[in-house]
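Structure at a glance
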Amino acid sequence: HELFHIINDGFKDLFDEDEWRKFNEPNFKYADCSTCSKKLGLDTYKNTNGFFTEYSMTIPSEDMAEVFSHLMIGSSLNNSDPILEKKIQFIKNNLLKIDKNFIL
């Protein structure tokens, strides 16, 4: 999770938060900041509905970091979640732009 924040800080142009927001349901809104929310849970959801954890619903960069961390630990989806699939592909595609040899 924290490793993604380091990657994101160095490649903000690749991990565009406005583009990321478009993956979510139109009525979903992130908080103004990660500490402006009471959504702190880090348990992985069984029914994801676009998010791996409660904390991933705070702000786009935390959502990206949670997707990255679940990819790194090999978390697989137990259901078909089209929103998460788009988020996963976004992270993978942009990591490959940084290093074409990156393996998830």
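Calculation rules
- Residues numbered from 1 in each chain as written.
- Predicted model: local features only at pLDDT ≥ 70, side-chain atom pairs only at ≥ 80, totals over all residues.
- Heavy atoms only, no water.
- Helix = DSSP H or I, 4+ residues; strand = E, 2+ residues; numbered from the N terminus.
- Rg over C-alpha atoms; globule rule 2.2 N^0.38 Å.
- Buried < 20%, exposed > 50% of the residue type's maximum accessible area, 1.4 Å probe, protein only.
- Contact = heavy atoms within 4.5 Å.
- Areas by Shrake-Rupley, 256 points an atom, 1.4 Å probe, with all protein chains shown as cover.
- Lys, Arg positive; Asp, Glu negative; His and termini not counted.
- Charge placed at Lys NZ, Arg CZ, Asp CG, Glu CD.
- Core = buried A, V, L, I, M, F, W, Y, C linked by side-chain atoms within 4.5 Å.
- Axes fitted to C-alpha atoms, helices over the stretch in contact; angles between N-to-C directions.
- Parallel < 35°, antiparallel > 145°, perpendicular 65-115°, else oblique.
- Left-handed = near helix turned anticlockwise from the far one by under 90°.
- Nonpolar A, V, L, I, M, F, W, Y, C, P; charged D, E, K, R; others polar.
- pLDDT = per-residue confidence, 0-100.

With that settled, consider the overall build of the protein chain. Each helix and strand counted, the protein chain has four helices and zero strands in total. Helices (α) and strands (β) of the protein chain occur, in sequence order from the N terminus, as α-α-α-α. Over its C-alpha atoms the protein chain spans a radius of gyration of 13 Å, differing by no more than 12% from the 13 Å that the globule rule assigns to 104 residues. With the C-alpha coordinates of the protein chain rotated into their principal frame, the extents come out at 35 × 30 × 25 Å. Relative to its 104 residues, the protein chain shows a buried fraction of 42%. Within the protein chain, contacts between residues separated by at least 24 positions form 63% of all contacts whose residues are at least 6 apart in sequence. Summing over all exposed atoms, the protein chain offers an accessible surface of approximately 6400 Å²; the carbon and sulfur share of this is 51%. For the protein chain, the distance from the average position of its 12 positive side-chain charges to the average position of its 17 negative side-chain charges is 4 Å.

Let us now look at the nonpolar core. Counting residues in hydrophobic clusters, the biggest one holds 21 residues, and the most contacted among them are Phe4, Phe15, Trp20, Met64, Val67, Phe90 and Ile91. Sorting the residues of this core by element identifies helix H1 (2–10), helix H3 (60–72) and helix H4 (82–98) as the ones contributing at least two each. What Trp20 contacts, discounting residues up to four positions off in sequence, is Tyr30, Pro60, Asp63, Met64, Val67, Lys87, Phe90 and Ile91.

Another point: the packing of H1 against H3. Close contact between H1 and H3 brings their axes to 8 Å; oriented N to C, the two are set at 125°. Judged on the interaxial angle alone, H3 and H1 are oblique. Judged by the twist between their axes, the crossing of H1 over H3 is right-handed. The residues of H3 that touch H1, namely those facing Leu3, Phe4, His5, Ile7 and Asn8, are Ser61, Glu62, Met64, Ala65 and Phe68. Classifying every residue of the contact of H1 with H3 by side-chain character gives six nonpolar, three polar and one charged.

With that out of the way, let us pick up the confidence of the model for the protein chain. Chain-level statistics for the protein chain give a pLDDT mean of 89 and a share of 96% at 70 or above. When pLDDT is averaged over each helix and strand of the protein chain, the minimum, 94, is found for H3 and the maximum, 97, for helix H2 (residues 17–21).

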